[in-house]
Amino acid sequence: MTTLKGKVALVTGGSRGAGRGIALELARAGAFVYVTGRSTGIKQAGQLRGTIDSVCSEIVENGGEGSAIRCDHTRDQETEAAIRQIANEQGRLDILVNNVWGGNRLPIGLEPFWKQPPAHWNNMFEAGVRAQLMTNYYAVPLMRRTGKNGRLIIHTTFWDRDKYTGNFYYDLAKNALTRMAYGLSVELAADGIAVIPLSPGWMRTEHVLEEFGTDEDHWQEVEALKNTESTAYIGRAVVALAEEPDRLPFSGIPQQVGALAERYGFTDSDGRKVPVFRME
């Protein structure tokens, strides 16, 4: 599949989780994919958690093209340098997936706000919301110069019809990302750049698999994971949006991966169409 041949993409926070799944699927569709993150080196056999280098190795092994850029997106100078490198090497940026997120360094419980550690603020807002904001700050000028057609910014977030997620800091941060996408969609409408907040369901990230003592080859043996989705699922949703010729009507409007699967007909890696994730 080479529907995105000639497109240049950047996936931030791409060493594992949703970022890895998105990077792999964009590369399978023909895009040249830059992967940024802090984890470098080649992961060892049996190690669940990946690195930006291991993801790029997977891309190449699957016949795609990509490049790893070590970048701590909480450091503005490193973010600026990463965008400058892409500009120097490619002269364009067609697809930006803002996925960097530092919010899960502490357990995210359902205790009330006053019992939550204030460190959640820095993890979710400095290493999440602000990191994505500054990536936009440096990337948007390059995207505006890229051309008039086919440019897309994705913010990975969580959204379920504006329901409260149950954790004050998490809810505040994810809604900030969704609102950021909306504001950018207004400001970039005249440039023809669609900005879409994209919400997955319960993903089988490396961390989730680790918590349940399993891996991607054996998750179906764990009853609690029966309604989960692989990280390829959100990757295929991003590809579908990148392929959509009339994506501006989606701009600024939260999209859910399961609903896009119904609309565009793609499936998860095991052939299922995992339904839209709904909070009780």
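Described in the following lines is the structure provided in the data block. Treat the numbers as computed from the prediction; the structure is a model and nothing was measured.

Running from N to C, helix α4 (residues 119-146) and helix α5 (residues 168-187) cross one another at 10°; their axes reach a closest spacing of 9 Å. Taken together, the axis directions place α4 and α5 in an arrangement best described as roughly parallel. Facing α4, whose interface residues are H120, W121, M124, F125, V129, Q132, L133 and N136, α5 presents Y169, Y170, L172, A173, A176, L177, M180 and L184.

This paragraph deals with the packing of helix α7 (residues 231-243) against helix α8 (residues 257-264). Running from N to C, α7 and α8 point in directions that differ by 55°, and their axes come no closer than 9 Å. Put simply, α7 runs oblique to α8. Handedness of the α7/α8 crossing: left-handed. On the side of α7, the interface is formed by Y233, I234, A237, A240 and L241, while α8 contributes V257, G258, L260, A261 and Y264. Of the residues contributing to the contact of α7 with α8, the split by class is nine nonpolar, one polar and no charged.

Our next topic: helix α1 (residues 17-28). Between its first and last C-alpha atoms α1 spans 17 Å; for twelve residues at 1.5 Å apiece the expected length is 16 Å, and the two agree. Of all the positions in α1, only G17, A18, G19, G21, I22, A23, L24, E25, L26 and A27 are classed as buried. Note on α1: the residue one or two positions beyond its end, G30, has a positive phi of about 105°.

What follows is about the packing of aromatic side chains. Any aromatic ring pair is given by two values, namely how distant the centres are and how the planes are angled relative to each other. All told, the structure shown has seven aromatic pairs when counted by the stated rule. Their ring planes at 85° and their centres at 5.1 Å tell us that Y137 and Y138 sit as a pair that is edge-to-face. Classification of Y137 as exposed rests on a relative accessible area of 55%. The ring of W101 is capped by K174, whose NZ or CZ atom sits 3.8 Å from the centre of that ring. If you follow R204 out to its NZ or CZ, it ends over the ring of W219, 3.7 Å from the centre.

Under the definition given, this model contains 14 salt bridges. We note a salt bridge from R130 to D76, for which the minimum N-O separation is 2.9 Å. Here R130, found in helix α4, pairs with D76, found in helix α3 (residues 76-90); they are 54 residues apart in sequence, far enough to count as distant. R272 is the partner of D270 in a salt bridge, and the nearest nitrogen-oxygen pair spans 2.7 Å. What you see here is one network of salt bridges that share partners, running through R70, D72, R75 and E78.

Sheet strands associate in pairs through backbone hydrogen bonding, adopting either a parallel or an antiparallel arrangement. Ordered in space as β3-β2-β1-β4-β5-β6-β7, the seven strands form an open sheet in which the pairing is parallel. With partners counted over all chains shown, the strands left at the sheet margins are β3 (65-70) and β7 (255-256), one partner each. Relative to strand β6 (residues 194-199), strand β5 (residues 152-156) runs parallel, the two being bridged by five bridges. Each residue of the ladder has a partner; that of L152, found in β6, is A194.

On to the nonpolar core. Of all hydrophobic cores here, the largest spans 39 residues; its most connected members are L26 and V33. Looking at this core element by element, the count peaks at eight residues for α7. Leaving out residues up to four positions away in the same chain, L26 has contacts with L4, A9, V11, A31, V33, I95, V97, V238 and V239. Membership of the second largest hydrophobic core comes to 32 residues, among which are L93, F125, A139 and F158.

What follows concerns the side chain of T135. Locating T135 in the fold gives a position in helix α4. Those residues in contact with T135, other than ones at most four positions away along the chain, are L10, T12, H73, T79, L96 and N98.

For the rest of this paragraph, the subject is unusual backbone geometry. Its identity is not glycine, yet R161 carries a phi of approximately 55°, on the positive side. Summarising the element assignment, R161 is placed in the loop between β5 and α5. Positioned with a positive phi, D162 is a non-glycine residue whose angle comes to about 65°. Secondary-structure assignment places D162 in the loop between β5 and α5. Its relative accessible area of 61% is what places D162 among the exposed residues.

Conventions adopted
- Residues numbered from 1 in each chain as written.
- Predicted model: local features only at pLDDT ≥ 70, side-chain atom pairs only at ≥ 80, totals over all residues.
- Heavy atoms only, no water.
- Axes fitted to C-alpha atoms, helices over the stretch in contact; angles between N-to-C directions.
- Helix = DSSP H or I, 4+ residues; strand = E, 2+ residues; numbered from the N terminus.
- Parallel < 35°, antiparallel > 145°, perpendicular 65-115°, else oblique.
- Contact = heavy atoms within 4.5 Å.
- Left-handed = near helix turned anticlockwise from the far one by under 90°.
- Nonpolar A, V, L, I, M, F, W, Y, C, P; charged D, E, K, R; others polar.
- Expected span 1.5 Å × (residues − 1).
- Buried < 20%, exposed > 50% of the residue type's maximum accessible area, 1.4 Å probe, protein only.
- Phe/Tyr/Trp six-rings, centres within 6.5 Å; stacked < 30°, edge-to-face > 60°.
- Lys NZ or Arg CZ within 6 Å of the ring centre and 35° of its normal.
- Salt bridge = Lys/Arg side-chain N within 4 Å of Asp/Glu carboxyl O.
- Pairing = 2+ DSSP bridges.
- Core = buried A, V, L, I, M, F, W, Y, C linked by side-chain atoms within 4.5 Å.

Without other data, these values stay purely geometric and don't point to any function.
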